[in-house]
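Spelled out from the first residue to the last, the chains are:
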Amino acid sequence: MTDFDVTIRQVDPRDARAILRTTLAADGQSPAEIEAHVTLFLQYARDMQLTPATHWQAEKDGRTVGACTCLESPGRTAMLFLPDGRLNLSPPGVISRLAATVVEELLTRDVNLIQCLLAPNDESNTVALRRAGFHELAELLYLEWNATIDVPISMSPIASVSPRLTWATYDVNTENEFREVIAASYVGSLDCPSLSQLRSIEDTMTSHKAAGRFDPTQWLLLRENGRAIGCNLLCENPLRPILEIVYMGVHPDARGKGHARRLLRTGLSLAHHAGFTRVTLAVDAGNSPALHLYRSEGFHETMRRRAFIRSIAPTSRAI
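Presented here is an overview of the structure given in this document. (Residues numbered from 1 in each chain as written. Predicted model: local features only at pLDDT ≥ 70, side-chain atom pairs only at ≥ 80, totals over all residues. Heavy atoms only, no water.)

## Quick notes on the overall build of the protein chain
Definition in use: Helix and strand definitions here come from DSSP, where helices need a minimum of 4 consecutive H or I residues and strands a minimum of 2 consecutive E residues; each element is numbered from the N-terminal end. Based on C-alpha atoms, the radius of gyration is set beside the globule rule, defined as 2.2 Å times the residue count to the power 0.38. We get accessible surface area from the Shrake-Rupley algorithm with a probe of 1.4 Å; when it comes to residues, only the shown protein chains can shield them.
Scanning the protein chain for helices and strands turns up eight helices and 12 strands. Rg of the C-alpha trace for the protein chain: 21 Å, near the compact-globule value of 20 Å for 319 residues, within the 12% margin. With the C-alpha coordinates aligned to their principal axes, the bounding extent of the protein chain is approximately 70 × 45 × 35 Å. About 15,000 Å² of surface is accessible on the protein chain, with carbon and sulfur atoms providing 51% of the total.

## Here we look at the nonpolar core
So the rule is basically this: In these notes, a set of buried Ala, Val, Leu, Ile, Met, Phe, Trp, Tyr and Cys residues joined through side-chain atoms within 4.5 Å is what counts as a nonpolar core. Partly exposed describes any residue whose relative accessible area lies between the buried limit of under 20% and the exposed limit of over 50%, with all areas from a 1.4 Å probe on protein chains only and scaled to the type maximum.
In this structure, Leu143, Ile245, Leu264, Val283, Tyr294 and Phe299 are the most contacted members of the largest nonpolar core, which totals 29 residues. Counting residues per element, the ones that place at least two in this core are β6 (135-146), β7 (165-169), β8 (219-224), β9 (227-236), β10 (242-250), α7 (259-274), β11 (278-284) and α8 (288-296). A per-element tally of this core places α7 first, with five residues. By size, the runner-up hydrophobic cluster in this structure holds 27 residues, among which are Ile8, Trp56, Ala78 and Leu118.

## Some points on the side chain of Ser207
Formally: What qualifies as a polar contact is a pair of N or O atoms within 3.5 Å, subject to a donor-acceptor requirement within protein and to the restriction that residues adjacent in sequence count only when both atoms come from side chains. Only heavy atoms matter for contacts: two residues are in contact if any of them lie within 4.5 Å across the pair.
Counting through the fold element by element, Ser207 comes out in helix α6 (residues 201-209). Reaching out from Ser207, the side chain makes a polar contact with the side chain of Arg199 at a distance of 3.3 Å. Every residue in contact with Ser207, bar those within four places of it in the chain, is listed here: Pro74, Gly75 and Arg199.

## Re unusual backbone geometry
We note that Gln49 has phi near 55°; this positive angle belongs to a residue other than glycine. Here Gln49 is to be found in the loop between α2 (31-47) and β2 (54-60). The phi dihedral of Arg76 is positive, around 55°, even though this residue is not glycine. The topology assignment puts Arg76 in the loop between β3 (63-73) and β4 (77-81).

Shown next as structure tokens:
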């Protein structure tokens, strides 16, 4: 089979479940687990009021030989879902054509960045994505903390720490402080450092808010002598009692003083006292200081994924 032997077409939304069974299936899942995964995906998209996902398949002589799913999100981003290359028998050329077709479609929409997550040893899809113009951003480690255990965290999430250190949450009066400290925290960051160069701060803020059920009281700002020096942005999973640390950062002038641990513990305290069962996050595997911090506070690894991205911002659309 050559790349040119197949026909690529968009799938009728009524057939979405059939495609999702392929694009969401993970190694070792039973048919019942795959079906539950599909149901959660569709329910999450509905609850978050996301643009309905589009589904594509490649056909050869009336037979499906490849498929993919694309889900757009606020912040002008989209997530591409590919069948696990370790389970899927489609040649990389077919998958790369599917990915390229999605890119071409998204060029007509208000999307600037496409992301795709692969299992660490999914070499088939790695080849396919690189053919379609994607590049590897980072290996992400997904970590989890049990918020139901009796933890030695007594501080109130937004109480004053001292006259010098104070807390605030997100509102119209603090929005600019959040924007400024997030942008400043990118300087010298070890967490997916190239990503900040591909998105505006406005798109980044919008994307962070849409990472789950946004509650402004769960976006924490730490000030030192009235100046914002760090933030911890948390969002609630709409389907489960889980709180995600979407982003945590410290101003470069304030690093090395224990503020990251203070931000983290305050977020964990919020989760614990609010009745969440777990706190989750994703961190760049190359960010050794952050990994040491999270593990020292009781986080454990649940999975790894390789993150691939393709920018289709106006300045890069001629590439």
